[in-house]
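# Topology and contacts: notes
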Amino acid sequence: MLRSLFQDVHVQSLMLAERACVYNMLINLMETREAELKGLGADFVFGFVQSMDGERDPRNLLLAFQIAKNITVRGYDLGKFTEELFEVTSCYFPIDFNPPANDPHGITKEELIRALRAVLTGTPQFAEFLLPLLIEKLDSDVQSAKLDSLQTLTAGVQQYEHKDLAEFLEGLWASLRREVFQTSSEKIESAALAALIALTSCLSRSVLNSDSEDSLSSFLDLVLKDCRHHLCEPDLKLVWPSAKLLQASCSASNRASHIVAAAVMPSLIEQYNNRTQCSHRRTLLEVSQRFLQSVKTGQSSESEESVFSAYRDSLCSMVFSALAESNSSLQITAASVLTSLAQQTGLLSDSDVEVAVDHLTRLLLTDEDERVSVSVVECAGALAELQPAAFVTRMIPKLKEEMFTVQDNRDVSELHSHHAVRQRCLSALAAVSIQPSIIQESTPVILEVLSSAHTGSVGFSVDEVVLACRSLQKIAEQVRDTEETGQCFHDVIIPRLLSLALQAALQGERSSGHHSLLVEEVFLSALVPVISTSCSRLQPMLAEKTASRAVSLFLDGDVSFLPDNSFPSNIKLLKDQRGESWSQSQLVCLLMGCVCSLPRSVDVPQMEQLLTQLEEMSCTCSHRLSYASAAKCFAGLINKRPHGESLDSLIQRTMKRVCRELDCTSSPVRTQAFTLLIWVAKALLLRYHPLFTALTDKLFSLLDDADLGPMAADGFSLLMSDSPDVLNRSCHADVRIMYRQRFFSENSAKLVQGFNAAPQEKKPNYLKALSNIVNKLPKQVQVTELPALLSLLLEALTCPDQGVQLSTLSCLEPVLVNPPTVLIQQLEALVNRLTALVCSPVMTVRIASIRCIHAVSSFPVHEVLPFRARVLRALAPPLDDKKRLVRREAVQARAEWFLVGSPGGR
């Protein structure tokens with residue numbers, strides 16, 4: 001059959017469909033009769049070459065390339081037709097096919113490129129033909145041809161042996177060097193470096209015999225000859241491309257890294273020691289770091305000695321001398337290099353780590369450059385993970401001593417500097433607290449900061465107290481979830497934090513003298529995520545103990561587990577709180593942190609009583625933080641309760657009470673009832689509970705309320721936003737996917753109907769609610785849903801509330817990129833409203849409106865040309881705006897509008 005096909009049929013004279021039939025026949029035979037085809041020897045290859053020679057249709061080319069790939073990859077005998085097969089396929093390289101618009105076949109240029117590349121790189125027998133072709137194509141001025149050639153080279157050499165490359169090494173190196181030295185594109189530079197890595201890796205696989213030439217050494221000699229001398233010129237621009245080429249070679253294999261490091265590192269070290277300019281020394285340090293990082297990726301195992309072991313002392317000396325300099329950029333670079341040294345086995349001895357820790361500690365305590373402190377803190381965190389002992393004995397004691405130094409008789413600037421040092425110390429304590437041994441030393445220091453802030457003995461500021469909480473939160477986030485660290489948080493940190501907060505609350509009620517910082521709302525708001533993060537990561541047994549302790553403290557006044565246990569026995573944190581003892585009642589936010597962050601599998605004890613007390617507090621307490629936290633805690637617990645009649649009856653009972661208060665316009669606790677309503681609604685929305693609809697209907701009805709209408713409109717933003725401290729996935733809440741889209745699809749029509757029926761003075765509430773909902777939808781959903789709501793959104797732009805204006809503009813901007821027909825039809829109204837906002841008193845509104853006007857310039861020319869003069873006049877005042885960001889946006893938008901209708905413009 002095949003002989004008849006190849007001898008009697010001239011395939012390329014057939015119609016497209018018949019040619020496809022031939023190719024499909026060959027593919028089927030290769031799948032089912034491969035042994036017989038291979039029995040034909042080179043005759044089959046010759047027949048195929050004749051069949052595809054001259055093929056032009058991309059659909060048939062994909063089939064032909066598949067056959068050619070099978071021939072090269074599956075070991076068919078190419079015989080004397082190797083070059084013919086290569087020629088008949090390589091004539092399409094590089095692919096320059098561009099599919100026509102609305103191509104029904106969906107064939108892409110990338111598909112053809114991949115298919116052809118698989119053929120050309122399928123066999124080492126093509127090497128002698130492919131490599132000269134690639135060298136030739138790399139001389140092309142067409143960027144896509146260069147990129148395709150480099151990627152094909154990378155794929156090809158992975159199949160080759162060193163003997164396949166031998167005669168082409170100089171030409172390949174010259175081409176790769178040129179693409180990095182004279183690059184016009186980052187993408188091409190990256191592809192050239194990847195090809196160099198693959199090439200060096202291929203040569204590294206060669207087996208050395210006593211009588212054979214070492215191909216790797218010969219090739220690296222070429223690389224070193226052209227690049228090494230540029231490293232001695234750190235002020236010239238060729239130092240970086242040379243370094244990149246050497247680093248790529250270095251990362252290819254262990255053997256290559258030894259050759260390159262031996263040739264380069266002594267020169268870099270000598271240069272560093274001989275140079276005096278900080279900019280030169282920094283460049284040399286950065287180059288050294290790139291080599292460290294490149295070798296790290298090429299090391300075969302962690303236990304293997306580093307390539308740089310011979311230069312360990314010199315590298316450490318370079319880093320330590322740079323850290324001792326006064327130049328900030330040099331210090332930052334040195335800290336980064338120190339991190340790289342720590343990440344390789346054996347490059348830092350214990351004594352080196354101690355010296356490094358001393359340098360880092362000194363910089364933290366003395367250097368006021370924020371960039372330096374950030375880099376030092378990052379470096380300290382990396383070192384602490386590997387060498388914790390030095391931080392326990394050397395850094396933490398010095399940081400503690402500095403933080404607790406009393407600054408009584410200092411002027412304002414010195415006090416400000418001391419506060420800055422304290423803040424750096426707290427950030428460093430958090431960064432280094434990764435290993436359990438460090439956590440056991442660092443957390444008591446941070447807890448002592450909070451204790452001192454409570455007593456007022458050392459003069460800590462509110463900012464420092466908040467930063468101390470954030471440091472504890474960071475420690476809770478980054479520590480490994482082990483029993484040891486969990487025990488530390490359960491037994492020490494959480495009880496201590498609860499104890500300090502309770503002491504401050506009780507002191508605030510007993511004394512009118514010293515005012516503790518720990519009763520401030522800003523402190524409690526920072527403390528909640530510390531507790532919730534800690535509790536969310538506890539192991540099940542510890543989580544249940546923590547829940548039991550927290551509930552017994554707040555319900556029963558059980559203080560037995562708290563340290564410094566000198567509390568009165570009649571503490572009632574959740575009872576009879578009517579505003580007189582707000583410093584106690586606001587501690588309910590800490591209960592929320594404890595019980596609402598636990599996994600759903602953990603049983604919270606006394607749940608019914610707890611929910612009753614929380615509902616009571618949220619509906620009766622007059623202190624804002626207290627009733628809001630109680631409502632959030634109630635909602636957090638409701639969200640995790642299992643489905644059933646018990647939950648439904650609880651929600652209905654709560655709703656009945658809430659609605660009673662909301663329906664009574666003279667009730668003094670309407671705000672409290674609304675707060676509970678919105679949080680319970682969010683808890684049910686997240687889990688798709690069927691009773692959520694009743695709460696939604698109540699919320700919509702409140703948009704017409706004279707007092708609560710604006711608050712109800714803002715409530716929709718809370719419903720659609722991620723809450724940071726409760727009802728989120730990190731707190732193990734029951735959050736279903738796409739709950740925002742579901743809420744929008746079920747309620748957008750109600751919102752439109754309500755807007756149309758509402759009196760004029762209540763319409764802004766509906767617009768604000770709509771804007772809050774739409775603004776929180778994913779962008780792709782906005783684009784599809786906005787056309788139906790366009791008239792309302794245009795109305796929202798005239799709303800006097802600037803928050804509504806801003807959120808509406810942010811909704812419109814992505815839609816304007818690919819405007820729907822309905823938007824173009826409303827262009828007059830859109831332009832009028834946007835131009836009216838470019839002089840808004842709020843900077844963010846001015847910027848957003850100008851960006852939208854800018855986007856409108858890309859609409860069809862015949863649609864926007866009539867508005868050109870009007871828009872240019874409107875954009876003139878923002879050119880003189882007092883804010884630079886506004887001026888920049890106005891310049892860009894005005895330039896585009898000037899081009900509307902011009903021959904070279906849009």
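Refer to the structure printed above.
Residues numbered from 1 in each chain as written. Predicted model: local features only at pLDDT ≥ 70, side-chain atom pairs only at ≥ 80, totals over all residues. Heavy atoms only, no water.

### Regarding the side chain of S849
- Relative to the elements of secondary structure, S849 occurs in helix α42 (residues 843-856).
- With a relative accessible area of 0%, S849 lands in the buried category.
- Ignoring sequence-local partners within four residues, the contact set of S849 consists of L809, L834, L837 and V838. (Helix = DSSP H or I, 4+ residues; strand = E, 2+ residues; numbered from the N terminus. Buried < 20%, exposed > 50% of the residue type's maximum accessible area, 1.4 Å probe, protein only. Contact = heavy atoms within 4.5 Å.)

### Remarks on unusual backbone geometry
- A cis amide bond, omega -10°, links F93 with the succeeding residue P94.
- Within the element layout of this structure, P94 appears in the loop between α6 (82-90) and α7 (109-120).
- Of note in this structure, Y688 is not a glycine but carries a positive phi near 60°.
- With respect to the helices and strands, Y688 occurs in the loop between α33 (670-686) and α34 (692-701).
- Here the phi dihedral of L727 falls at roughly 55°; this positive angle occurs in a residue that is not glycine.
- Of note, L727 is situated in the loop between α35 (709-720) and α36 (739-757).

### So, the packing of α33 against α34
- Running from N to C, α33 and α34 cross one another at 140°; their axes reach a closest spacing of 9 Å. The orientation of α33 with respect to α34, classified from their angle, is oblique. Helix-helix and strand crossings are classified by hand; for α33 and α34 the assignment is left-handed. Along its contact with α33, which presents F674, L677, I678, V680, A681, L684 and L685, the element α34 presents F692, L695, K698 and L699. (Axes fitted to C-alpha atoms, helices over the stretch in contact; angles between N-to-C directions. Parallel < 35°, antiparallel > 145°, perpendicular 65-115°, else oblique. Left-handed = near helix turned anticlockwise from the far one by under 90°.)

### A word on the pattern of salt bridges
- Throughout the structure, instances matching the rule amount to 41 salt bridges.
- In this structure, E325 engages R281 in a salt bridge whose closest nitrogen and oxygen atoms are separated by 2.9 Å. Residue E325 is found in the loop between α17 (312-323) and α18 (328-342), and its partner R281 is found in helix α16 (residues 278-298); the two are separated by 44 residues along the sequence.
- Residue classification places R281 among the buried positions, given a relative accessible area of 12%.
- Notably, a salt bridge pairs E615 with R657, separated by 3.7 Å at the nearest N-O pair. Of the two residues, E615 is situated in helix α30 (residues 607-620) and R657 in helix α32 (residues 645-663); the sequence distance between them amounts to 42 residues. (Salt bridge = Lys/Arg side-chain N within 4 Å of Asp/Glu carboxyl O.)

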